Amino acid sequence: MSRVFTTSIVIAAPLERVWPLLAGVERWSEWTPTITRVTALAGGAARVGARYRVEQPKLAPAVYTVTSWQEPREFTWVMRSPGIEGVASHALTPVDGGCRLDLRVEFKGLLAGLIAALAGALTQDYIETEARCLKAAAESRA
């Protein structure tokens, strides 16, 4: 079973300005209220295999492992717990006048339906909030 939540937004800022904000996961709490804290667990630069403890309001802390890192365009990280896998993708695509941000969260596994029923609305709200806040942060740094 799988459940997917997505959102997209066009940001009137070049990819070169947006990527550092998106890729700087440990500083997300500075521009979005959906993140309380992100802590690197192994230190060093973000890359495939990097692990982060992510703390969010209304959710239990979770550890995410980066599974794809394609600077300056995209990264994906995955959270695994018994019965559930959460895959969060973050992608930037250049467009006229800036770039498009696409956020996608997919719940997989035996508990995907239950988690989506319990936290699906919150998940959708969080990714939409993150998209709007990243847009505001990037556009304000013109």
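In the block above lies the structure referred to throughout.
Residues numbered from 1 in each chain as written. Predicted model: local features only at pLDDT ≥ 70, side-chain atom pairs only at ≥ 80, totals over all residues. Heavy atoms only, no water.

Caption draft 1: Highlighting the overall build of the chain. Along the backbone of the chain there are two helices and seven strands. Reading the chain from its N terminus to its C terminus gives the helix and strand order β-α-β-β-β-β-β-β-α. Its C-alpha atoms give the chain a radius of gyration of 15 Å, within 12% of the compact-globule value 14 Å for 142 residues. Here the chain holds 142 residues, and 45% of them are scored as buried. Sequence-distant contacts, at least 24 apart, represent 51% of the contacts inside the chain between residues at least 6 apart. (Helix = DSSP H or I, 4+ residues; strand = E, 2+ residues; numbered from the N terminus. Rg over C-alpha atoms; globule rule 2.2 N^0.38 Å. Buried < 20%, exposed > 50% of the residue type's maximum accessible area, 1.4 Å probe, protein only. Contact = heavy atoms within 4.5 Å.)

Caption draft 2: Up close: the pattern of salt bridges. Counted under the stated rule, the structure contains eight salt bridges. With a closest N to O distance of 2.8 Å, Glu85 and Arg80 form a salt bridge. Overall, Glu85 belongs to the buried group, its relative accessible area being 19%. The exposed category is assigned to Arg80, whose relative accessible area is 55%. Between Arg104 and Glu106 there is a salt bridge; the shortest N-O distance is 3.1 Å. Taking relative accessible area as the criterion, Arg104 reaches 34% and is therefore assigned partly exposed. With relative accessibility at 12%, the residue Glu106 sits in the buried group. (Salt bridge = Lys/Arg side-chain N within 4 Å of Asp/Glu carboxyl O.)

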